[in-house]
Amino acid sequence: DLVPLVDDQAILIRSSWDEVKHNEVDILYAIFKANPDIQARFPQFAGKDLDSIKTTGQFAVHAGRIVGVFSEISALQPDESGISAAKTLINALGASHRGRGISKAQFNEFRASLITYLSQNVSWGDNVAQAWEKGFNNVYFILFNALDGTPI
Ligand code: HEM
């Protein structure tokens, strides 16, 4: 179920994300490095040397798109209109990835790697970790329903 963030949790998520939101390439690199099975699902990157593709324009474009979703979501207010906008965005993401056959297990790998990246690159602590945990639970509740083909 969706569990509303309390106001300061939304602020913690946004301010910690602001510390790394421009590191799109580094973030996608960290995710691919930890999960070669995720890299393998990208037709233009499958089977290629990660350190070589990291410096390409194509990699930057994809990183900007993927990581940019978190900037879009974290910029929304945790109120009715922000939640509604987040649902629209996340349902579209779920539908497009459902079409590609991406599994929940792979989304969970992505999540774990992003949290590891954050814990190493932003000022981190129990309160920040808890805010991200709750935020991700909400995003993934919407996302997994959409991945199942039954969006909320
Ligand atoms: C929360 C995690 C993720 C976010 C925010 C995200 C975001 C995006 C976005 C914005 C796009 C481009 C627009 C679209 O087609 O929807 C995209 C494309 C794609 N995503 Fe994801 N994604 C995530 C997780 C994953 C995972 C776990 C995989 C694979 C295991 C994956 C595989 C792909 C592929 C193959 C494409 C198409 C790339 C192309 O244009 O050739 N994504 N993703």
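See above for the structure.
Predicted model only: the values in this text are computed from it and were never measured.

A. The coordination of the iron atom of the ligand, seen in detail. No other protein atom reaches the iron atom of the ligand as a donor apart from H97 (NE2), found 2.1 Å away. If you trace the backbone, H97 turns up in helix α6 (residues 80–99).

B. Representation of the site of the ligand. Taken together, 18 residues lie around the ligand, and R41, Q44, S96, H97 and R100 are the ones closest in. Within the side chain of H62, an N or O atom sits 3.3 Å from an oxygen atom of the ligand. R100 places a side-chain nitrogen or oxygen 2.6 Å from an oxygen atom of the ligand. Those elements giving two or more residues to the shell around the ligand turn out to be α5 (57–74), α6 and α7 (104–121). With five residues, α5 is the largest single contributor of residues to the shell around the ligand. Looking at the shell around the ligand residue by residue, the class counts come to ten nonpolar, five polar and three charged.

C. Representation of the packing of helix α1 (residues 7–20) against α5 within the structure. At a closest axis distance of 10 Å, the pairing of α1 and α5 adopts a crossing angle of 145°. Read as a crossing pair, α1 and α5 show a hand that is left-handed. Each of I13, R14 and W17 in α1 lies in contact with α5, whose residues at this interface are V67, F70, S71 and S74. Here the contact of α1 with α5 is composed, by residue class, of four nonpolar, two polar and one charged.

D. Fine view of the pattern of salt bridges. What the rule picks out here adds up to four salt bridges. For K104, the salt bridge goes to D148, with nearest N and O atoms at 2.9 Å. Placement of K104 in helix α7 and of D148 in the segment after α8 (126–147) is noted, with a sequence separation of 44 residues between them. Among the ionic pairs, R111 bridges to E133, the shortest N-O distance being 3.6 Å.

E. View of α1. Between its terminal C-alpha atoms α1 stretches 21 Å, which fits the 20 Å expected from 14 residues at 1.5 Å a residue. For α1, the elements touching its buried residues are α2 (24–34), α5, α7 and α8.

F. Geometry of the environment of R14. Within the secondary structure layout, R14 lies in helix α1. The spatial distance from the C-alpha of R14 to the C-alpha of K33 is 25 Å, given a sequence separation of 19 residues. R14 has contacts with S74, A75, L76 and Q77, leaving out every residue within four places of it along the chain.

What counts and how
- Residues numbered from 1 in each chain as written.
- Predicted model: local features only at pLDDT ≥ 70, side-chain atom pairs only at ≥ 80, totals over all residues.
- Heavy atoms only, no water.
- Donors = N, O, S within 2.8 Å, 3.2 Å for Na, K, Ca; no water.
- Helix = DSSP H or I, 4+ residues; strand = E, 2+ residues; numbered from the N terminus.
- Near = heavy atom within 4 Å.
- Polar contact = N/O pair within 3.5 Å; in protein donor to acceptor, adjacent residues only side chain to side chain.
- Nonpolar A, V, L, I, M, F, W, Y, C, P; charged D, E, K, R; others polar.
- Axes fitted to C-alpha atoms, helices over the stretch in contact; angles between N-to-C directions.
- Left-handed = near helix turned anticlockwise from the far one by under 90°.
- Contact = heavy atoms within 4.5 Å.
- Salt bridge = Lys/Arg side-chain N within 4 Å of Asp/Glu carboxyl O.
- Expected span 1.5 Å × (residues − 1).

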